[in-house]
Amino acid sequence: MTTHRLTTRSALLFLAIGLAAGLLSGLFGVGGGTVIVPLLTLLAHFDQRRAAGTSLAAIVPTATVGVISYAVNGAVAWIPALILAAAAVIGAQVGTWLLARIPLFALRWAFIAFLGVVVVALFFVIPSREAHVDLTALSIVGLVATGLATGILSGLLGVGGGIIVVPALILGFGASDLVAKGTSLLMMIPTAISGTVGNIRRNNVDLPAAALVGVAACTTTALGAWIASLLDPFVANLLFAVFIVFIAAQMAVRTVRAQRARRASVD
């Protein structure tokens, strides 16, 4: 198991990363990995694999607190979340299998374009706070397909499920923004546990760092969920759209840098 030399400075850094990740996790229904991974690589000098593995381990307690916070207000669709999680676990295996077979740069740009479409759509679909996910034969098929797609993209790109599941539930299934976020967080728990076990076996998890990030995140996740419940649905959509733009821009910058580095190595 790979560990980071824990000092007072690094401990405070991990706690600060966790506080930010927890707030965004509760506010947007994402796992927090979109914040944890880049901050661990940039500020704590983790390599990409160790940052991703540590982030996934920290997401388990963070998402659990988030689910409880949303469940108190009845904003979790339990059965749809389990369907999504089961399909996502299978999809993740497919994604890792496809990783060596699909041009990664083309896939990243396609996903960035997909996020752009989601951002535009969020301005045209304002969810009702009373809306829930109705279980029908068609919606179950749709949930399975969404879970598979989420898992595949997770395995291919390392993106968290929330960035896909939340807009999918709002736009495709008519869920309220709160139900979409609570359900997304519940879906992440079994997926994150499964991934963490595999990462521990591969020595890709820094458990002391994950514990500090996770504990800190738990203290602000409920605050983020509470803020989300106070926001007007349109404002919540607007903030989520801004968050998606940030993620898409971050991914675009990384892709361009990787392409330049690849060309430089060839030359």
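Right, let's walk through the structure included here. Since the structure is predicted, the reported quantities are computational estimates derived from the model, not experimental observations.

Another point: a nonpolar patch on the surface. A surface patch of nonpolar side chains, about 830 Å² in accessible area, is lined by V120, F123, F124, V125, L171, F234, V235, L238, L239 and V242. Element by element, the count of residues in the nonpolar patch is highest for helix α10 (residues 233–266), at 5 residues. Here F234 shows up in helix α10.

Glancing now at helix α8 (residues 177–201). Owing to its 3.6 residues per turn, the α-helix brings residues three or four apart onto one side. If you check α8, its first and last C-alpha atoms are 36 Å apart, about what 25 residues at 1.5 Å a residue would give, namely 36 Å. The sharpest bend along α8 reaches about 30° and sits at I189, with the proline P190 one to four residues further on. Where α8 terminates, the next one or two residues include N203, which has phi positive at roughly 60°.

A few words on the packing of aromatic side chains. Evaluation of the coordinates by the stated rule reveals 4 aromatic pairs. Residues F14 and F46 carry aromatic rings whose centres are separated by 6.0 Å and whose planes lie at 75° to one another, so their mutual orientation is edge-to-face. Pair noted here: F14 is in helix α1 (residues 8–28) and F46 is in the loop between α2 (33–43) and α3 (48–72), with a separation of 32 residues, a long-range link. With a centroid separation of 6.5 Å and an interplanar angle of 25°, the aromatic rings of F240 and F243 are classed as stacked.

What follows deals with the environment of V94. Secondary-structure assignment places V94 in helix α4 (residues 78–98). With 56 residues separating them in the primary sequence, V94 and T150 have C-alpha atoms 11 Å apart.

Moving on, we come to the packing of helix α7 (residues 162–173) against α8. The interhelical angle for the contact between α7 and α8, taken along N-to-C directions, is 140°, at an axis separation of 9 Å. On the basis of their axis angle, the class for α7 and α8 is oblique. Handedness of the crossing formed by α7 with α8: right-handed. Contacts between α7 and α8 involve G162, V165, V166, L169 and I170 from the former and D177, A180, K181, T183, S184, M187 and M188 from the latter. Along the lines of polarity and charge, the residues of the contact of α7 with α8 split into 7 nonpolar, 3 polar and 2 charged.

Throughout the structure, instances matching the rule amount to 1 salt bridge. R50 is paired through a salt bridge with D206; the nearest N and O atoms lie 3.6 Å apart. With R50 in helix α3 and D206 in the loop between α8 and α9 (207–230), the pair connects residues that are 156 residues apart, well separated along the chain. Of the two residues, R50 and D206, both sit in the buried class.

All right, on to unusual backbone geometry then. Its identity is not glycine, yet H45 carries a phi of approximately 60°, on the positive side. Of note, H45 is situated in the loop between α2 and α3.

Reading the values: the criteria
- Residues numbered from 1 in each chain as written.
- Predicted model: local features only at pLDDT ≥ 70, side-chain atom pairs only at ≥ 80, totals over all residues.
- Heavy atoms only, no water.
- Patch = residues over 30% accessible without salt bridge, like charges linked within 9 Å, V, L, I, M, F, W, Y side chains within 5 Å.
- Areas by Shrake-Rupley, 256 points an atom, 1.4 Å probe, with all protein chains shown as cover.
- Salt bridge = Lys/Arg side-chain N within 4 Å of Asp/Glu carboxyl O.
- Helix = DSSP H or I, 4+ residues; strand = E, 2+ residues; numbered from the N terminus.
- Expected span 1.5 Å × (residues − 1).
- Bend = angle between axes of the 7 residues up to and from the residue.
- Phe/Tyr/Trp six-rings, centres within 6.5 Å; stacked < 30°, edge-to-face > 60°.
- Axes fitted to C-alpha atoms, helices over the stretch in contact; angles between N-to-C directions.
- Parallel < 35°, antiparallel > 145°, perpendicular 65-115°, else oblique.
- Left-handed = near helix turned anticlockwise from the far one by under 90°.
- Contact = heavy atoms within 4.5 Å.
- Nonpolar A, V, L, I, M, F, W, Y, C, P; charged D, E, K, R; others polar.
- Buried < 20%, exposed > 50% of the residue type's maximum accessible area, 1.4 Å probe, protein only.

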